[in-house]
Amino acid sequence: MNGIGYALIALVTLPLGAIITFIPYLTRRTESFGVSIEENYFNDPEISGMRRTYASLTGAVSLLVIIASLIAAARLDEEQLGWLMPAAVGVMLAVHLALYLRFHFRMRALKKERGLMSAELQQTVVDTAFYQEKRAYPMVWLIPHLLVAAATAWICAANYDAFPEQLIMQYGLDGTPTRVVDKSWGNVLFPVWMQLLLIFIFAIVNYSISASKQQIDAANPRASLRRNLIFRRKWSAFTLTMGFLLTVLFGAIPLQQLYGFDIGILLALFLTFVAIILLWAVRLGFVTGQGGSRIRLPEDASAAAAGKVNRDDDKYWILGQFYYNPDDPALFLEKRFGIGWTMNFARPLAWIIFLAPVLLVAALIFLVERG
Amino acid sequence: MLIRIDYQSDVPIYVQLSNQIIEGMASGELKPGEPLPSVRALAADLGINLHTVNKAYTHLKQEGFIQVHRQRGALVRPDPMPPADEAFRSRLQSQMRPFVAEAVCRRMDEDDFLDMCRRIYRQFTKEES
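Owing to the predicted nature of the structure, the values given are computational and were not obtained by experimental measurement.

Each value, and the rule that gives it
Residues numbered from 1 in each chain as written. Chains lettered and ligands numbered in written order. Predicted model: local features only at pLDDT ≥ 70, side-chain atom pairs only at ≥ 80, totals over all residues. Heavy atoms only, no water. Helix = DSSP H or I, 4+ residues; strand = E, 2+ residues; numbered from the N terminus. Areas by Shrake-Rupley, 256 points an atom, 1.4 Å probe, with all protein chains shown as cover. Contact = heavy atoms within 4.5 Å. Buried area = accessible area lost by both parts, 1.4 Å probe. Salt bridge = Lys/Arg side-chain N within 4 Å of Asp/Glu carboxyl O. Polar contact = N/O pair within 3.5 Å; in protein donor to acceptor, adjacent residues only side chain to side chain. Axes fitted to C-alpha atoms, helices over the stretch in contact; angles between N-to-C directions. Parallel < 35°, antiparallel > 145°, perpendicular 65-115°, else oblique. Left-handed = near helix turned anticlockwise from the far one by under 90°. Nonpolar A, V, L, I, M, F, W, Y, C, P; charged D, E, K, R; others polar. Phe/Tyr/Trp six-rings, centres within 6.5 Å; stacked < 30°, edge-to-face > 60°. Buried < 20%, exposed > 50% of the residue type's maximum accessible area, 1.4 Å probe, protein only. Lys NZ or Arg CZ within 6 Å of the ring centre and 35° of its normal. Expected span 1.5 Å × (residues − 1). Bend = angle between axes of the 7 residues up to and from the residue.

1. Remarks on the overall build of chain B
So, point 1. Counting its regular elements, chain B contains 5 helices and 3 strands.
So, point 2. When its C-alpha atoms are laid out on the principal axes, chain B stretches across 50 × 35 × 30 Å.
So, point 3. Per element, the accessible surface of chain B, about 8700 Å² overall, is 53% carbon and sulfur.

2. Here we look at the interface of chain A and chain B
So, point 1. Contacts between chain A and chain B engage 26 residues on the former and 25 residues on the latter.
So, point 2. Considering only the surface of chain A that becomes buried against chain B, Val126(A), Thr128(A) and Pro329(A) emerge as the three largest contributors, covering 29% of it.
So, point 3. Where chain A meets chain B, there are 0 salt bridges.
So, point 4. Summed over the shared surface of chain A and chain B, the result is 12 residue pairs in polar contact (both at pLDDT 80 or more).

3. Some details on the pattern of salt bridges
Residues and elements named next belong to chain A.
So, point 1. Applying the stated rule across the entire model yields 15 salt bridges over all chains.
So, point 2. Arg-336 is the salt-bridge partner of Asp-314, the closest N and O atoms lying 2.9 Å from each other. Here Asp-314 is found in the loop between strand E6 (309-310) and strand E7 (317-318), whereas its partner Arg-336 is found in the loop between strand E9 (332-334) and strand E10 (341-343), with 22 residues between them in sequence.
So, point 3. Here the residues in one salt-bridge network are Lys-111, Asp-312, Asp-313, Asp-314 and Arg-336, joined through shared partners.

4. Focus: the packing of helix H1 (residues 13-27) of chain B against helix H3 (residues 50-62) of chain B
All names here are of chain B.
So, point 1. One can describe the packing of H1 onto H3 by two numbers: an axis separation of 8 Å at closest approach and a directional angle of 45°. By the criterion of interaxial angle, the relationship of H1 to H3 is oblique. Handedness of the H1/H3 crossing: right-handed. For the pair H1 and H3, the contacting residues are Ile-13, Tyr-14, Leu-17, Ser-18, Ile-21 and Ile-22 in the first and Thr-52, Val-53, Lys-55, Ala-56, Tyr-57, His-59 and Leu-60 in the second.
So, point 2. For the contact of H1 with H3, a count of residues per class yields 9 nonpolar, 3 polar and 1 charged.

5. Re the packing of aromatic side chains
So, point 1. Using the criterion set out here, one finds 20 aromatic pairs over all chains in the structure.
So, point 2. Judged by centre distance (6.2 Å) and plane angle (80°), the rings of Tyr54(A) and Phe337(A) are edge-to-face. Of this pair, Tyr54(A) sits in helix H2 (residues 45-75) while Phe337(A) sits in the loop between E9 and E10, placing them 283 residues apart in sequence.
So, point 3. Overall, Phe337(A) belongs to the buried group, its relative accessible area being 5%.
So, point 4. The interplanar angle of 90° and the centroid separation of 5.1 Å between the aromatic rings of Phe130(A) and Tyr131(A) together place this pair among those described as edge-to-face.
So, point 5. By relative accessible area, which is 24% here, Tyr131(A) ends up partly exposed.
So, point 6. Joined through ring pairs, the aromatic side chains of Phe33(A), Tyr54(A), Tyr100(A), Phe103(A) and Phe337(A) make up one cluster.
So, point 7. Lying across the ring of Tyr160(A), Lys183(A) places its NZ or CZ 4.6 Å from the centre.
So, point 8. Lying across the ring of Tyr14(B), Lys55(B) places its NZ or CZ 4.3 Å from the centre.

6. Considering the environment of Glu79(A)
Residues and elements named next belong to chain A.
So, point 1. Its location among the elements puts Glu-79 in helix H3 (residues 78-114).
So, point 2. Residue class for Glu-79 comes out exposed when judged on its relative accessible area of 66%.
So, point 3. As a C-alpha pair, Glu-79 and Tyr-137 span 58 residues in sequence and 43 Å in three-dimensional space.

7. Looking at helix H1 (residues 3-26) of chain A
For an α-helix, the turn length of 3.6 residues means that residues three or four places apart are oriented alike.
All names here are of chain A.
So, point 1. In this model, H1 (24 residues) spans 33 Å end to end at C-alpha, consistent with the 34 Å of a helix rising 1.5 Å per residue.
So, point 2. The sharpest bend along H1 measures roughly 35° and falls at Ile-20, with the proline Pro-24 sitting one to four residues further on.
So, point 3. Taken as a whole, H1 has its buried residues at Gly-5, Leu-8, Ile-9, Leu-11, Thr-13, Pro-15, Gly-17, Ile-20, Thr-21, Ile-23, Pro-24 and Leu-26.

Read these as layout, nothing more, since geometry by itself doesn't imply function.
Dropping the structure here:
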């Protein structure tokens, strides 16, 4: 195990641990553990106690898992190492999910017992001009990505004969080749297929950021509207930049294969890009919070609360995580626990979008495997 | 313009919707020719059935408050509403009768009633400047 292997483990597990630990603090103040409450209960001692318990337990377990994987990495052989990262991530996510469910059910009971949501004050507020606002960066920002993919395709095609007869498709965590295949058009162009797939996925993500339904706070509509627009634009910029970095990364693979420079350079590039993406995502998560709820606005102090609360839509959220509302024509909407967007699973299109990338990646790997 | 929908209210959602759009036009918050969200977008934002929004838009369209184009979507009527002609006056009169009748039944003072009408009227005309 070399330094790069350790760096990779730390690079993936540390940001993941940070995010899952602090999720309750990044979510909207009107939604605790997937249960909608009035904002003024956010700082209720019982509820903030639940957040603290969740965060300290998740944080402690994450830290233990990270330390254990770094120690274990030194003692494992190559085959076992391949399982280390998925296992560490799996344990962290399992703990996160188990604790979430525990607190979700406790929160539900608490809401019922103490009536944390007034029925009379519920309101949904919408701005009729919302879709005239700039919600995401336009799709022309994907042109640089497409140009990089085109250049990669051109380099691969023009130099096909110069590629070595055997292509290394996979490296172990210690930097040794673990899978080698015979050259074919399919696997020489593999980075290009991946680039196109990524561009397609990021186009959908960027579209969902702009198309996601408006969810503004009935207690403070104007300010939450502005926060939400800032939130969307920042994450749209992040998505498009991340897409560009990954496209460039895949563009570097055929260059390495062609010119045979040290694989360490490619790995360093990979680690740098992944580090930039993950750190940016964590930073953005803490700056914006879900829906922009953590963004400070200059007019916050003067804004008077309207004395209204959001509509209680708990019954449409299965376990507080999966939105299922056949009456709602919306396809994309904001998550309830965590940062980002989810889909209305009562719409068939949601299932198609959910499964399409999985099926496409599977198909791609299958085709390239067969050469 | 901000539209607020109360789910606990006795007033049906499509009536709340169309009433608020008319109020927005009266107060000047909705400008002539201003685009309105599509039926689908508005239904999604409110998390309600398409038919509910459709019902409100159809009503507003029939009454001449909004226009619905196949390409440009829904928009506020670009030109001013026709003046309060005889037909409108007689319709208004028949619509107001039950309200006045109930106020009389509850022994509401005439001046009180007229005062209330005036206050509501001025709420819309004041913001227009």
